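Here's the letter readout for the chains.
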Amino acid sequence: MREDLARRVEELTDGVADSLVELRRTIHRRPELGFGEHRTTERVARYLAAAGIETRPLSPTGLVADIGPEGEGRTMIRADLDALPLQERSGEPFASEVTGISHACGHDLHTAIAAGVARVLKALDEEGLLGRGVRILFQPAEEVQPGGARHVMEQGVLDGVVRAFSLHCDPRLDVGKVGVKEGPITASSDTLRVTLSSLGGHTSRPHLTGDIVFTLGQVITQTGAVLNRRLDPRHGASVTWGVVHAGNAPNVIPEEGVVYGTLRCLDSAVWEIAGPLAAQAITQIVAPYEVDCDVEHVVGLPPVVNGAEETEILREAARVALGEGAAVPTEQSLGGEDFAWLLTEVPGAMARLGTREPGGVTYDLHRGDARFSERAIGVGVRFFAMAALAG
């Protein structure tokens, strides 16, 4: 029976494949940042409306589509809508037309896949083959900490939902493969911003003032080292600085400097203590250098922890929809993902979807030259549809 249903899902997916590629390219050309995905939200709503699928808008952006029987017991399929503040240099004929913004994380594929799942499940419901209600969430602002997931949870998107699934493009996996892992699959992600200030002065007389640049260097090199000795190394904590600003002249000690980065943990328990510990460590690191120090620790999001039952559903969905061996083990990443917030309320799981052409270039996420195989869209629709049909 499952195999028969999988064949019908494949037929329906083939029927919408071209329109999904067109939808993906339209979204890709006109990317929008978190909470500003107005055009993307409207485009998805129109695509679904053309198939008779009603949607409920979220505020300020995003939407929800409910398919199948009303009431409790819905499975949620979640996709994210937003792009990154990154210039595209992929060379694709449908590359971003918006300067400095691109879909370098594959969210345009996620959106097209979820829209395809909605179309397939709508057809199955009309044929009497959809046994339970499914909610498709098109979520804004995944790239904005603490994430759009928390924002839409306040708008009732989890009402009546008993489990949730998501996926993320993985350009290290070949098309047709799905990475699955029980337990933690991502890390927590917080931000740290350290602002130092002093009177400033001449670089020939650093002893007469607080040396901002030198002290920033101590923060950058020592914070991670302190955490490595204060936290259990088996649970992992990583501090990586992405922004440093200080000074305008080589012979002037500046009056202010800032360093800004991320704090990531593999374990939820460590996540709860790592931020305050990092702030304490930074204050102690800068103490000998006679500078004023302000540490801002912004709590971001916890790790995504895949449930055992839901992980097995994804593994079986990959087998039935894509064939034996389609589901492959994947490792925990230090990347953050706000789908984690949804899983603090309902059980669920996230998978990694292969987007690399076999034998092709291996890209990384958040790179301006990243390219994703569009064949992964149909693969993702079939996989997600079978997961939604489980139980």
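What counts and how
Residues numbered from 1 in each chain as written. Predicted model: local features only at pLDDT ≥ 70, side-chain atom pairs only at ≥ 80, totals over all residues. Heavy atoms only, no water. Helix = DSSP H or I, 4+ residues; strand = E, 2+ residues; numbered from the N terminus. Buried < 20%, exposed > 50% of the residue type's maximum accessible area, 1.4 Å probe, protein only. Pairing = 2+ DSSP bridges. Contact = heavy atoms within 4.5 Å. Axes fitted to C-alpha atoms, helices over the stretch in contact; angles between N-to-C directions. 1 Å grid on protein atoms, 1.4 Å probe; cavity = no way out; pocket = protein on both sides within 12 Å on 5 of 7 lines; lining within 4 Å. Points joined across faces, edges and corners; volume = space filled by probe spheres on them. Nonpolar A, V, L, I, M, F, W, Y, C, P; charged D, E, K, R; others polar.

Peer 1: Explain unusual backbone geometry here, please?
Peer 2: For residues besides glycine, phi is generally negative; the peptide bonds are generally trans as well. With omega at 0°, the peptide bond leading from Ser 59 into Pro 60 counts as cis. Take Pro 60: it is sitting in the loop between β1 (56-57) and β2 (63-67). Between Gln 145 and Pro 146 the backbone carries a cis peptide bond, its omega angle lying at 5°. If you trace the backbone, Pro 146 turns up in the loop between β4 (134-139) and α4 (148-153). Positive phi is not limited to glycine here, since Ala 141 has a value of about 60°. Mapped onto the secondary structure, Ala 141 falls in the loop between β4 and α4. A positive phi is found at His 366, a non-glycine position, where the angle reads about 65°. With respect to the element layout, His 366 can be found in the loop between β16 (348-356) and α9 (375-388). Taking the relative accessible area as the measure of exposure, His 366 reaches 41% and is therefore partly exposed.

Peer 1: Would you explain the sheet that holds β16 in this entry?
Peer 2: Within a sheet, each strand pairs with its neighbour through backbone hydrogen bonds, oriented either parallel or antiparallel. Overall, mixed pairing links the eight strands, which are arranged β1-β2-β4-β3-β5-β16-β6-β15 in an open sheet. Sheet topology places β1 and β15 (327-329) at the edges, where each strand pairs with a single neighbour. Two elements, β1 and β2, share two bridges in a ladder whose sense is antiparallel. Opposite Arg 56, over in β2, you have Val 64 as the bridge partner. Where helix α3 (residues 107-126) meets the sheet, it contacts β2, β3 (74-80), β4, β5 (161-174) and β16, and its direction lies at approximately 160° from that of β4. Along the sheet, α9 contacts β3, β4, β5, β6 (178-180) and β16; its crossing angle with β16, the most-contacted strand, is approximately 160°.

Peer 1: Please explain empty space enclosed by the protein as it appears in this structure.
Peer 2: To locate leftover empty space, one rolls a probe as large as a water molecule over the atoms. Tallied over the full model, the rule gives one cavity of 30 Å³ or more. In this structure, the largest cavity encloses a volume near 30 Å³. Forming the boundary of the largest cavity are Glu 88, Ser 90, Ser 102, His 103, Ala 104, Arg 367, Gly 368 and Ala 370. When its residues are assigned to classes, the lining of the largest cavity shows two nonpolar, four polar and two charged.

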